[in-house]
Amino acid sequence: MPINVLMPALSPTMEKGNLAKWLKKEGDAVKSGDILAEIETDKATMEVEAVDEGVLAKIVVPEGTADVPVNDLIALIAEEGEDPSSIDAGGDGGGKDEAKAERRSAPEQSGKRDKPANDGSGGEDRTPGGGTMSYARVDEAPDGPAKDARRGSAKGSDAASASDGGKRIFASPLARRIAKQEGLDLARVKGSGPHGRVIERDVRAAAKDGGAGAGKAEAETKAPQAEQKAPAPGNRPDAAPDKAAAKPAAGPAPSGLTAKQVMGMFEAGSYDEVPLDGMRKTIAKRLVESKQTVPHFYLGLDVELDALLALREQVNAGAPKDKDGKPAFKLSVNDFVIKALALALQRVPAANAVWAEDRILRFRHSDVGVAVAIEGGLFTPVIRKAEQKTLSTISAEMKDLAGRARTRKLKPEEYQGGTTAVSNLGMFGIRSFSAVINPPHGTILAVGAGEQRVVARNGAPAVVQAMTVTLSCDHRVVDGALGAELLAAFKGLIESPMAMLV
Amino acid sequence: MSDTYDVLIIGAGPGGYVTAIRAAQLGFKTAIVDREHLGGICLNWGCIPTKALLRSAEIFHAMQHAADYGLSAEKVGFDIAAIVKRSRGVSGRLNGGVGMLLKKNKVDVIWGEAAIEAASEGETPGTVVVKETKRAEAPKGAKGAGSYRARHIIVATGARPRVIPGIEPDRERIWTYYEAMVPKRMPKSLLVMGSGAIGIEFASFYRTLGAEVTVIELLPQILPVEDAEIAGLARKRFEKQGIRILTGAKVTKVEKGGTGVAAQVETGEGKSQTIEAEVLISAVGVVGNIESLGLDGLGVEIDRGIVVTDGLGRTNVPGIYAIGDVAGPPMLAHKAEHEGVACIETIKGLHTHPMDKGKIPGCTYCQPQIASVGLTEAKAKEQGYDIRVGRFPFAANGKAIALGEPDGLVKTIFDKKTGQLLGAHMVGAEVTELIQGFVVAMQLETTEEDLMHTVFPHPTLSEMMHESVLDAYGRVIHT
């Protein structure tokens with residue numbers, strides 16, 4: 001299939017231009033980066049640059065032609081293996097050439113696509129990215145477009161340009177203004193108003209969490225580009241007045257490789273595709289966000305469990321039994337861990353806090369999240385006011401929450417909030433690990449397996465039950481010494497567990 | 001055991017009956033229980049009948065001032081019994097209308113006192129026991145006492161007047177809105193305790209008909225929820241009409257005599273005075289009707305007399321919902337209606353959001369009228385907004401002058417940073433009909449720009465809304 005070279009637009013408002021000069025002749029070999037032609041408007045001259053390799057098969061619009069409409073076919077490039085001479089430009093009489101017709105409407109099409117193309121694994125992608133536009137290379141313009149922004153964006157910008165192309169974005173005036181002030185791209189904000197209208201709360205949320213498809217990060221990558229005056233490529237018929245919204249090369253900021261790129265690295269058919277459910281998407285989003293925005297550091301500590309295990313045995317043995325002989329409760333080590341962490345937060349109140357952008361929120365009660373692994377992911381239900389609850393209450397609550405987490409029947413309010421969380425992989429024999437903080441929490445405690453260990457005691461080896469815990473801290477809220485203080489308080493409670501009974 | 005409903009609503013006030021109709025529209029088999037009247041307080045003893053009374057007062061006032069308009073009206077007078085009769089007629093007509101709407105939507109009406117015996121659990125529906133009531137006769141076609149089953153039970157029982165110990169209403173000398181709405185004779189003097197919407201409306205009504213009226217307000221400002229500037233202007237107008245107003249004042253003791261009441265009023269700094277009046281109207285707010293519904297036994301969370309909900313009507317007990325006054329302030333009919341619709345749509349699984357209480361308008365139908373939505377100037381500052389304030393007086397509006405209503409103000413408050421309309425406050429003729437323009441603007445999240453670009457018809461009072469916005473941005477034309 002020959003590649004179409006279309007008349008590029010120098011600015012969002014440009015409708016036509018003059019084809020000043022062809023720098024390649026028909027039959028010339030063309031490689032990516034070569035300048036094909038010069039285009040003039042009354043304001044500036046720009047160069048049309050090739051991004052594909054091949055042979056310039058046909059010049060459709062001769063040089064010196066004035067007022068060539070934007071997106072008109074100006075030339076055809078034969079791809080490798082194609083016979084340039086067999087390519088019929090078709091010119092205007094090329095109605096039979098459906099491909100051409102399709103290509104010519106490509107900008108509108110790509111503009112109308114909702115889905116970023118990198119998400120559309122849908123086959124050949126016949127309009128490669130803003131491919132049409134990537135032929136335009138602008139040297140100067142009143143807006144002073146950057147030289148290379150275009151090329152870089154050739155493929156990657158597909159998502160960006162596609163999302164706002166010719167499509168009207170329904171957004172409230174207030175949402176529009178806040179988006180502008182916050183440097184958010186409205187096209188990336190999911191609207192929750194009637195018929196998907198973007199309203200204030202959507203842009204506020206997007207501005208706050210950066211991710212959420214709105215890409216504060218993207219806005220940031222935009223800034224430098226705007227400085228070097230990134231061009232407003234012609235595929236922005238809506239011509240948003242804000243220059244900052246000129247399309248950068250970025251897709252959704254946090255994601256690394258596109259699906260296509262990743263799939264390209266493997267042999268087709270060697271894998272099965274697993275669609276993402278809401279939970280998986282949330283996990284991905286939240287934890288990427290966490291690792292990218294939360295400055296983590298980790299504190300490890302060994303805690304001895306002999307006293308706790310003895311107490312647990314004693315308490316469980318003393319649990320009242322119902323008429324079937326079933327004990328009223330059976331405390332787990334994890335129940336003690338939750339309680340100990342809750343009490344430790346009370347003893348070190350400065351650590352019972354979360355980061356809130358321009359302030360720190362410090363909490364009176366200890367609301368402790370507990371990671372519960374379930375089929376296909378995990379939930380982190382929160383034990384509220386855990387410092388006030390008895391171990392048996394915590395145990396019962398945990399049982400209920402974990403059960404409902406597994407059937408995905410938790411209410412949002414049951415897994416939202418909290419200042420910290422417990423993640424326990426001890427039952428899998430994990431000795432120690434470092435957990436990712438679950439935003440907005442300030443910390444998370446990773447609990448390893450309890451095991452017999454030989455330690456030196458009074459100069460002699462001794463065998464004790466011990467486990468290793470690792471506290472991940474958000475350094476914005478919890479500094480090293482503070483985290484250490486929290487862990488020390490935790491250790492004290494675990495090792496002298498009677499304090500948890502009062 | 002009799003019928004099983006999808007939805008059973010307790011209370012047929014504006015929140016309840018609107019919810020019932022919406023439930024029926026959504027395809028739910030729906031029943032509504034009431035013990036006294038369809039349409040609730042709003043329609044029978046609140047919003048609607050008072051508007052009828054105030055309309056009589058307004059026309060009376062206009063007739064008294066006929067000469068100002070080049071008209072003559074002699075021997076202008078009124079018959080309080082006829083005014084009350086008209087007001088009751090208005091309620092009766094609308095009351096019948098609610099019954100018709102419920103019937104049309106195939107909502108079963110159940111008559112009696114309801115108590116929830118059990119909430120639904122899994123597949124088992126909840127149970128509501130309805131006992132016979134002597135309060136009022138059942139409307140035609142209503143079902144009677146019995147045990148009813150429903151999957152979703154919505155409490156919409158509204159509120160009743162708050163009672164201050166020692167100043168209990170007695171229907172003779174100490175009135176609530178019930179008695180104030182159906183006076184058997186015109187009192188010569190009145191003491192109104194409380195200057196919220198209810199107190200001020202009755203003060204305005206009785207003053208217009210010639211009674212000596214004193215209003216006592218505990219807080220430093222009358223109409224305490226309104227913007228201070230607006231309330232201040234209203235107060236000046238009331239005082240000009242001859243209403244005596246004491247703010248920062250507290251009624252400490254009321255003695256009843258043969259001809260009236262003598263109230264001890266503390267007016268601050270240890271001073272106190274005795275005010276005598278034929279009747280005292282107690283209008284110190286309302287409290288939710290949450291008793292004897294069985295909520296306690298079901299473990300429904302209640303905080304300071306208010307059923308705790310998630311903003312979509314859901315209580316902590318699955319299957320039990322609460323909307324309207326029982327679910328917390330503002331205790332307004334339109335809030336109840338909106339909350340009820342959000343609740344039933346949530347039950348249906350539709351996409352809903354808790355209502356934004358910052359966008360609920362409030363109206364007081366005194367002379368002059370008061371209407372507002374959103375944040376007052378003080379509240380906006382308190383919340384840390386950097387604001388722009390626009391003002392436009394009635395005296396500069398052509399239509400207002402033509403109407404002979406040159407007193408009033410339209411005030412708008414914007415967030416300087418985003419241009420968001422944070423609040424709008426008005427005092428003057430017909431402002432209760434104007435406010436909705438700003439409510440729509442807020443709901444659609446317009447900024448000052450859109451409001452400035454909107455065409456307002458001339459000549460109307462609404463032009464003042466436009467000018468007020470222009471004023472906030474230094475672009476006002478007519479002042």
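Numbering of residues begins from 1 in every chain and follows the order in which that chain's sequence is written. Following the order in which they are written, the chains are lettered starting with A and the ligands numbered starting with 1. Selection of residues for local features in this predicted model requires a pLDDT of at least 70, selection of side-chain atom pairs for listing and counting requires 80 or more, and totals for whole chains, interfaces and linings are taken over all residues.

S.K.: Which residues make up the overall build of chain A, and what values go with them?
M.R.: On a plain count of helices and strands, chain A comes out with 13 helices and 20 strands. Contacts here follow a simple rule: the backbone-placed C-beta atoms of the two residues must lie within 7 Å. Contacts spanning at least 24 positions in sequence make up 67% of the contacts within chain A whose residues lie at least 6 apart. Secondary structure follows DSSP: runs of H or I at least 4 residues long count as helices, runs of E at least 2 residues long count as strands, and numbering of each begins at the N terminus.

S.K.: If you had to explain the overall build of chain B to someone new, which residues and values would you point to?
M.R.: Scanning chain B from terminus to terminus reveals 14 helices and 24 strands. Counting other C-beta atoms within 10 Å of a residue's C-beta gives its exposure: the residue is buried at 20 or more, exposed at 12 or fewer, and partly exposed in between, where C-beta atoms are placed from the backbone. Every one of the 479 residues in chain B was classed for burial, and the buried ones make up 49%.

S.K.: Give me the lowdown on the pairing of strand β18 (residues 443–447) of chain A, citing residues and values where you can.
M.R.: Residue and element names in this part refer to chain A. Within β18, five of the five residues are buried, which leaves it mostly tucked inside the rest of the structure. Neither face of β18 is exposed, since Thr-443, Leu-445 and Val-447 on one face and Ile-444 and Ala-446 on the opposite face are all buried. Bridge analysis of strand β17 (residues 420–424) against β18 gives three bridges, and the strand direction is parallel. Within the sheet, the bridge partner assigned to Ser-423 lies in β18 and is Ala-446. For two strands to be treated as a pair, DSSP must find at least two bridges joining them. As judged from the five bridges shared by β18 and strand β20 (residues 460–474), these two strands associate in the antiparallel manner. In the sheet register, Thr-443 faces β20, and the bridge partner there is Cys-473.

S.K.: Summarise the sheet that holds strand β20 (residues 362–364) of chain B; cite the residues concerned and give the values.
M.R.: All names here are of chain B. Judged by pairing direction, the sheet is antiparallel, and its five strands sit side by side in the order β20-β21-β24-β23-β22 without closing on themselves. Either end of the sheet is taken by a strand with one partner, and the two such strands are β20 and β22 (387–393). Sheet twist, expressed as the mean angle between neighbouring strand axes with direction ignored, is 10°. In terms of strand pairing, strand β23 (residues 409–415) meets strand β24 (residues 421–428) through six bridges, oriented antiparallel. Paired with Thr-412 across the strands is Ala-424, a residue of β24. To get an axis, a line is fitted to the C-alpha atoms, and for a helix only the part in contact is used. The angle between two axes follows their N-to-C directions and goes from 0 to 180 degrees.

S.K.: Summarise helix α12 (residues 431–443) of chain B; cite the residues concerned and give the values.
M.R.: Residue pairs spaced three or four apart in an α-helix point in one direction, given the helix's 3.6 residues per turn. Residues and elements named next belong to chain B. Between its terminal C-alpha atoms α12 stretches 19 Å, which fits the 18 Å expected from 13 residues at 1.5 Å a residue. Listed in full, the buried residues belonging to α12 are Val-431, Leu-434, Ile-435, Phe-438, Ala-441 and Met-442. Viewed along the axis of α12, the buried residues span an arc of 110°, placing them on a single side of the element. Residue Glu-445 follows α12 closely and has a positive phi angle near 60°. What a helix is expected to span follows from its residue count: subtract one and scale by 1.5 Å. Starting at the helix axis, one direction is taken to each C-beta atom, and the arc is that of these directions.

S.K.: Could you give an account of the interface of chain B and chain A, with specific residues and numbers?
M.R.: Much of the literature gives interface size as the accessible area that the parts lose upon coming together. Between chain B and chain A, the contact holds nine residues from the first and nine residues from the second. Class assignment of the residues belonging to the side of chain B that touches chain A gives a composition of one nonpolar, five polar and three charged. Under this grouping Gly is polar, as are all residues other than the nonpolar Ala, Val, Leu, Ile, Met, Phe, Trp, Tyr, Cys and Pro and the charged Asp, Glu, Lys and Arg.

S.K.: Give a detailed account of the environment of Arg-359 of chain A, specifying residues and quantitative values.
M.R.: Residue and element names in this part refer to chain A. Here Arg-359 lies in the loop between β11 (353–355) and β12 (360–362). On the basis of neighbour count, Arg-359 is assigned to the exposed category, with 8 C-beta atoms found within 10 Å. On a C-alpha basis, the gap between Arg-359 and Val-477 in space is 9.6 Å, while along the polypeptide they are 118 residues apart.

S.K.: Which residues make up the sheet that holds strand β6 (residues 54–59) of chain A, and what are the values?
M.R.: Pairing in this open sheet of four strands is antiparallel, and the strands run β1-β8-β6-β3 (chain A) from one edge to the other. The sheet is open, and its two edges are formed by β1 (3–6) and β3 (29–30) of chain A, each paired on a single side.

S.K.: How would you explain unusual backbone geometry if you had to name every residue and give the values?
M.R.: Excluding glycine, most residues fall at negative phi; most peptide bonds, likewise, are trans. Residue and element names in this part refer to chain B. The residue after Gln-367, namely Pro-368, is reached through a cis peptide bond having omega 0°. The amide bond that connects His-458 to the next residue, Pro-459, takes the cis arrangement and shows omega of -5°. Here Arg-304, not a glycine, exhibits a phi torsion of approximately 45°, which is positive. Tracing the chain through its elements places Arg-304 in the loop between β17 (302–303) and β18 (306–307). Taking the number of C-beta atoms within 10 Å as the measure of exposure, Arg-304 has 8 and is therefore exposed.

S.K.: Now, about the pairing of strand β2 (residues 30–34) of chain B: what can you tell me, with residues and values included?
M.R.: Residue and element names in this part refer to chain B. Of all the five residues making up β2, five are buried; the element is thus mostly covered by neighbouring parts of the structure. Going residue by residue along β2, you find Thr-30, Ile-32 and Asp-34 tucked away on one face and Ala-31 and Val-33 tucked away on the opposite face as well. Classification remark: right-handed applies to a crossover when, strands pointing away from the viewer, the course from the first strand over the helix to the second runs clockwise. Assessed by its sense of winding, the connection that carries the chain from strand β1 (residues 4–10) through helix α1 (residues 14–25) to β2 is right-handed. The sheet contact formed by β2 and strand β3 (residues 108–111) spans four bridges and is parallel. Pairing of Ile-32 across the sheet is with Val-109, part of β3.

S.K.: Give me the lowdown on the nonpolar core, citing residues and values where you can.
M.R.: Note on terminology: a nonpolar core is any set of buried Ala, Val, Leu, Ile, Met, Phe, Trp, Tyr and Cys residues joined through C-beta atoms within 7 Å. In this structure, Leu-8, Ile-32, Ile-154, Val-192, Leu-280 and Ile-281 of chain B are the most contacted members of the largest nonpolar core, which totals 140 residues. When near neighbours in sequence (up to four residues on either side) are disregarded, Ile-281 of chain B contacts Trp-175, Ala-180, Leu-190, Val-192, Met-193, Gly-199 and Phe-202 of chain B. One finds Leu-343, Trp-355, Val-447 and Phe-490 of chain A within the second-largest nonpolar core, a separate group that totals 52 residues.

S.K.: I'd like to hear about the confidence of the model for chain A, residue by residue, with values.
M.R.: Residue and element names in this part refer to chain A. With 72% of its residues at a pLDDT of at least 70, chain A reaches an overall mean of 76. When pLDDT is averaged over each element of chain A, β18 comes out on top at 97 and strand β9 (residues 136–138) at the bottom at 35. In this model residues 211–254 is a low-confidence stretch, pLDDT under 50, and it forms 113 contacts with partners more than four residues away in sequence or in other chains. Confidence of the predictor in every single residue is expressed as pLDDT, which spans 0 to 100.

S.K.: Any details on the packing of helix α10 (residues 333–347) of chain A against helix α13 (residues 480–495) of chain A? Residues and values, ideally.
M.R.: The description of two packed helices rests on the angle between their axes and on the distance between the axes. Residue and element names in this part refer to chain A. At a closest axis distance of 8 Å, the pairing of α10 and α13 adopts a crossing angle of 130°. Here α10 lies oblique to α13, going by the angle between them. Note that α10 runs across α13; the crossing there is right-handed. Listed contacts from α13 to Phe-336, Ala-340, Leu-341, Leu-343, Ala-344, Leu-345 and Arg-347 of α10 are Leu-486, Ala-489, Phe-490, Leu-493 and Ile-494. For classification purposes, an angle smaller than 35 degrees is called roughly parallel, one larger than 145 roughly antiparallel, one from 65 to 115 roughly perpendicular, and anything else oblique. Each crossing gets its handedness from the near helix: less than a right angle anticlockwise from the far helix is left-handed, clockwise is right-handed.

S.K.: Any chance you could break down the environment of Val-70 of chain A for me, citing the residues and the numbers?
M.R.: Residue position: Val-70 of chain A is located in the loop between β7 (65–69) and β8 (73–78). Sequence spacing of Val-70 of chain A and Gly-17 of chain A is 53 residues, and the spatial spacing of their C-alpha atoms is 7.2 Å.

S.K.: For the packing of α1 of chain B against helix α9 (residues 333–348) of chain B, give the residues involved together with the corresponding values.
M.R.: Residue and element names in this part refer to chain B. Two elements in contact, α1 and α9, have axes whose closest approach is 8 Å; the angle formed by their N-to-C orientations is 30°. Taken together, the axes of α1 and α9 are roughly parallel relative to one another. Read as a crossing pair, α1 and α9 show a hand that is right-handed. When α1 is examined against α9, the residues Pro-14, Gly-15, Gly-16, Val-18, Thr-19, Arg-22 and Ala-23 are found in contact with a partner set consisting of Ala-333, Ala-336, Glu-337, Glu-339, Gly-340, Val-341, Cys-343 and Ile-344. Taken together, the residues of the contact of α1 with α9 break down into eight nonpolar, four polar and three charged.

S.K.: How would you explain the environment of Asp-356 of chain B if you had to name every residue and give the values?
M.R.: Residue and element names in this part refer to chain B. In this structure, Asp-356 sits in the loop between α9 and β20. Residue Asp-356 is classed as partly exposed on the basis of its 14 C-beta neighbours within 10 Å. Taking the C-alpha atoms as reference points, Asp-356 and Gly-311, separated by 45 residues in sequence, lie 9.1 Å from one another.

S.K.: Outline the confidence of the model for chain B, listing residues and values.
M.R.: Residues of chain B with pLDDT of at least 70 account for 99%, and the chain-wide mean is 95. Predicted complex, confidence summary: ipTM 0.79, pTM 0.57.

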